[in-house]
Amino acid sequence: MSQTTRILFVDDEPAYCRIFSKRISADPRFQVETASSGPEALERLQRFPADIVITDLSMPLMDGIELLTEIKSRYPQIFILILTSDDSTAQVVKAMKAGAYDYLLKPFDFEMVERSIATILSHKAAVQAGLCSECLGDKQYCFENLIGQDRKMFEIYEMISQVAQTSATVLITGESGTGKELIASAIHAKSGRKDKPFIQINCAALTEGLISSELFGHEKGAFTGAVARKKGLFEQASGGTLFLDEIGDISPTTQVSLLRVLELGTFQRVGGSETITADVRLICATNRDLATAAREKQFREDLYYRLNVVSLQAPPLRDRKSDIPLLAQHFLERYCAINHKQIQGFTHDAMHLLCSYDWPGNCRELANIIEHAVIFSRSKVLDKDSLPSQIRPVERNASGLTLNLTSSTLADVEEALIRKVLVETNWNLKKAAETLDIARGTLYGKMEKYHLTKPT
Ligand SMILES: Nc1ncnc2c1ncn2[C@@H]1O[C@H](COP(=O)(O)OP(=O)(O)OP(=O)(O)O)[C@@H](O)[C@H]1O
Ligand SMILES: [Mg+2]
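All of these numbers come straight from a predicted model, not from anything done at the bench. (Residues numbered from 1 in each chain as written. Chains lettered and ligands numbered in written order. Predicted model: local features only at pLDDT ≥ 70, side-chain atom pairs only at ≥ 80, totals over all residues. Heavy atoms only, no water.)

### Concerning the overall build of the protein
Note the threshold: Numbered from the N terminus, helices here are DSSP runs of H or I no shorter than four residues, and strands are runs of E no shorter than two. Note on exposure labels: buried denotes an accessible area under 20% of the residue type's maximum, exposed denotes more than 50%, and partly exposed covers the range between, all computed with a 1.4 Å probe on protein chains only. By definition, residues are in contact when any of their heavy atoms lie within 4.5 Å.
Tallying secondary structure elements over the protein gives 18 helices and 20 strands in all. Projecting the C-alpha coordinates of the protein onto the three principal axes gives extents of approximately 85 × 55 × 45 Å. A total of 456 residues make up the protein; the buried ones form 47% of that total. Counting contacts in the protein only where the partners sit at least 6 residues apart, residues at least 24 apart contribute 67% of the total.

Below, the structure is given as structure tokens:
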């Protein structure tokens, strides 16, 4: 970030512009410009690359939320503060959801204004300190492989930086596709263990019989097929980090074994008697509500507390919508590189669609949709027609189900509904069939018919 912070102040009342400009420009660290309307602000931004925009909410021509949305889609790196005389209005909530960083009350208290600006600057500095090398330069919104400059992501970056200095066990929770795996690898990369192995295992993918020998290893002859001694992941990850994904799915027996390692710091290979010391940082992740599962005795409570020494909650994408343009551009570059395509960006309508959708499948769903669009697009800019109908505007019908307005046939509606339920159940076919109230066989048939496959 440059030495001087550029601030664009937007208000239709000239007196406010004058007072703000006079007071804030008195500080040499700030360069201030003002605009009296949304369109004027957008024009000004073409030649004045603001770091922060402070805008009034209610203005003629274009209101603050419209301006905010427009700025976010054109200049995702800009931080936006909104001004309002009533902090209880639904408009404030709407603005925060649309990506405003914070709101300020009118008539404004300059100490508050300065505090808000200082918070933004310190967040930017914190993120810059943890920038990955490929993101150096003018991008100030990534941390290791994580992209995002929403306040919720800054909080995650800060927690990662702090927890990385320790060897505490970390539990990462969050919906599917929110970046739990990326958070785990960022903790490892920021820690003193970074030159040692980072080993990950998906607990849901292993049978109960296999998981103990995978984690703890086995001695020769421990069971049929154990033809030689094998080191488990706890040994392989020695000095480094072991990431247990989908921890909520481990069996009660494995829960006991894991609890023992966490309590004693030691374990034995399957069929062995040698006591081995585990020198690993454990990071676990789940998209299940483990606290409730523990309360309802579906997961050992003692283990839950041991795992949950530090907990990190990966925010759903719908709660940090201001990051959508950044992520969309990031995925566009990623898939263009992989597919040897040259697509510069998105049309305004396409970006508007991306920003309006709720993303039940979070970043993974966004990545998949952009990958698909990149593969099939023939133009230099992705337009809204290259985006699938599932992300078009939706309306609620009487039953509360979200249906697609653009769907014109029964088959379209059926496909949209099945897709929605699959995403919401994280492609758990049993749960999806139950929700849809159809037999599992029928669901398989429909998935085949509509070419619905779990994204990899
Ligand atoms: N903040 C982010 N910045 C950039 N890419 C992200 C971010 N969050 C997620 N992704 C991308 O989204 C996809 C899913 O991320 P990841 O596998 O970490 O999610 P997850 O929470 O572990 O999902 P699941 O619960 O299904 O295992 C990956 O392609 C990842 O690169
Ligand atoms: Mg994962």
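### Observations concerning the packing of aromatic side chains
Pairs of aromatic rings are described using the distance from one ring centre to the other and the angle between the two planes. Here is the rule we go by: For Phe, Tyr and Trp, rings pair up if their centres lie within 6.5 Å, where Trp contributes its six-membered ring, and each pair is then called stacked (planes under 30 degrees apart), edge-to-face (over 60) or tilted (otherwise). We call a charge positioned above a ring when the Lys NZ or Arg CZ atom is no farther than 6 Å from the ring centre and deviates by at most 35 degrees from the ring normal.
A full pass over the atoms with the stated rule returns twelve aromatic pairs. With 5.7 Å between their ring centres and 40° between their planes, Phe-216 and Phe-267 make a pair best called tilted. Separated by 51 residues along the polypeptide, Phe-216 in helix α8 (residues 208–216) and Phe-267 in strand β13 (residues 266–267) bring together distant segments of the chain. When sorted by exposure, Phe-216 lands in the same class as Phe-267, which is buried. Site record: aromatic cluster; members linked through ring pairs are Phe-79, Tyr-101, Phe-143, Phe-154 and Tyr-157. Sitting above the plane of the Tyr-101 ring, Arg-151 keeps its charged end 4.8 Å from the centroid. The ring of Phe-143 carries Lys-190 above its face, with NZ or CZ at 5.1 Å from the centroid.

### Quick notes on the pairing of strand β1 (residues 5–10)
For clarity, the threshold we go by: Pairing between strands is defined by DSSP: at least two bridges between the two strands are required. Orient the strands so they point away from the viewer, and a crossover whose first-strand-to-second-strand path over the helix runs clockwise is right-handed.
Of all six residues in β1, five are buried; the element is thus mostly enclosed. In the sheet, β1 pairs with strand β2 (residues 30–35) via six bridges, with the strands oriented parallel. If you follow Val-10 over to β2, its bridge partner there is Ala-35. For the handedness criterion, the β-α-β arrangement of β1, helix α1 (residues 14–25) and β2 is classed as right-handed. The sheet contact formed by β1 and strand β3 (residues 52–56) spans four bridges and is parallel. Within the sheet, the bridge partner assigned to Phe-9 lies in β3 and is Ile-54.

### Details of the sheet that holds strand β12 (residues 241–245)
We apply this condition: Convention adopted: a line fitted to C-alpha atoms gives each axis, helices being fitted over their contacting stretch, and angles between N-to-C directions are expressed from 0 to 180 degrees.
Pairing is parallel in the open sheet, where five strands are placed in the order β9-β12-β15-β8-β16. Two strands bound the open sheet, and with one partner strand each, they are β9 (198–202) and β16 (310–313). Between one strand axis and the next, the sheet turns by 20° as a mean value, whatever way the strands run. The sheet contact formed by strand β8 (residues 170–173) and β16 spans four bridges and is parallel. Looking at β16, one finds that Leu-171 is bridged to Ser-311.

### As for unusual backbone geometry
With an omega dihedral of -5°, the bond running from Lys-106 to Pro-107 counts as a cis peptide bond. Secondary-structure assignment places Pro-107 in the loop between β5 (102–105) and α5 (110–129). In this model, Glu-144 sits at a positive phi of 50°, which is unusual for a non-glycine residue. Of note, Glu-144 is situated in the loop between β6 (142–143) and β7 (146–147). You will see that Asn-362, though not glycine, has its phi angle at about 55°, which is positive. Within the fold, Asn-362 resides in helix α15 (residues 362–376). Judged by its relative accessible area of 0%, Asn-362 falls in the buried class.

### Points about the side chain of Ser-116
Within the secondary structure layout, Ser-116 lies in helix α5. Look past the residues within four positions of Ser-116 in its chain and what remains in contact with it is Leu-81, Asp-102 and Leu-104.

### Digging into the sheet that holds β2
Strands belonging to one sheet form pairs held by backbone hydrogen bonds; the direction of such a pair is parallel or antiparallel. On the basis of which strands lie adjacent, the open sheet formed by five strands has the order β2-β1-β3-β4-β5 and parallel pairing. Pairing within the sheet leaves two strands with one partner each, and these edge strands are β2 and β5. If you compare each strand with its neighbour and ignore which way they point, the axes differ by 20° on average. Against the sheet, α1 contacts β1, β2 and β3, and its axis sits at roughly 170° relative to β2.

### Comments concerning the confidence of the model for the protein
Under the convention used in this document: A residue's pLDDT is the confidence the predictor assigns to it, expressed on a 0 to 100 scale.
For the protein, per-residue confidence averages 86 on the pLDDT scale, and residues scoring 70 or more make up 91% of the total. Confidence over residues 130–139 falls short of pLDDT 50; this stretch has eleven contacts with residues more than four positions distant or in other chains. In the predicted structure, residues 395–401 sits below a pLDDT of 50 and forms nine contacts with residues beyond four places in sequence or in another chain.

### Quick notes on the side chain of Ser-322
The cut-off we apply is this: Under this definition, polar contacts are N or O atom pairs within 3.5 Å; protein pairs additionally need one hydrogen-donor-capable and one acceptor-capable atom, and for neighbouring residues in sequence, both atoms have to be side-chain atoms.
Looking at where Ser-322 falls in the secondary structure, it is placed in the loop between β16 and α13 (324–339). Overall, Ser-322 belongs to the buried group, its relative accessible area being 4%. At a separation of 3.2 Å, a polar atom in the side chain of Ser-322 contacts the side chain of Asp-150. Aside from chain neighbours lying at most four places away, what touches Ser-322 is Lys-72, Ala-98, Gly-99 and Asp-150.

### What to know about the domain arrangement of the protein
As a reminder of what qualifies: Here the bounds of each domain stem from an automatic or database domain assignment. Two parts placed together each lose some accessible area under a 1.4 Å probe, and the buried area is that loss summed for both. For salt bridges, the criterion is a side-chain nitrogen of Lys or Arg within 4 Å of an Asp or Glu carboxyl oxygen. All residues other than Ala, Val, Leu, Ile, Met, Phe, Trp, Tyr, Cys, Pro, Asp, Glu, Lys and Arg, Gly among them, are scored as polar; the first ten of these are nonpolar and the last four charged.
Examined at the domain level, the protein breaks down into domain 1 (5–129), domain 2 (151–313) and domain 3 (320–449). Counting residues at the interface gives seven residues for domain 1 and six residues for domain 3. The largest contributions to the domain 1 side of the interface with domain 3 come from Lys-72, Ser-73 and Pro-76, which together make up 56% of the buried area. At the surface where domain 1 touches domain 3, the tally comes to zero salt bridges. Linking domain 1 with domain 3 are one residue pair in polar contact (both at pLDDT 80 or more). Here the side of domain 1 that touches domain 3 gets three residues from one element, more than from any other, and that element is helix α3 (residues 64–74). Within the side of domain 1 that touches domain 3, the residues separate by chemical class into two nonpolar, two polar and three charged.

### Quick word on the packing of helix α2 (residues 38–45) against α3
Selection criterion: For classification purposes, angles smaller than 35 degrees are called roughly parallel, those larger than 145 roughly antiparallel, those between 65 and 115 roughly perpendicular, and all remaining angles oblique. The crossing is said to be left-handed when, going from far helix to near helix, the turn is anticlockwise and less than a right angle, and right-handed when the turn is clockwise.
Between α2 and α3, the least distance of the axes is 10 Å, while the angle of their chain directions is 20°. In terms of their interaxial angle, α2 and α3 are classed as roughly parallel. Here the hand of the crossing between α2 and α3 comes out right-handed. Together, Gly-38, Ala-41, Leu-42 and Leu-45 of α2 and Leu-67, Glu-70, Ile-71 and Arg-74 of α3 make up the contact between the two elements. Among the residues making up the contact of α2 with α3, the classes are represented as five nonpolar, one polar and two charged.

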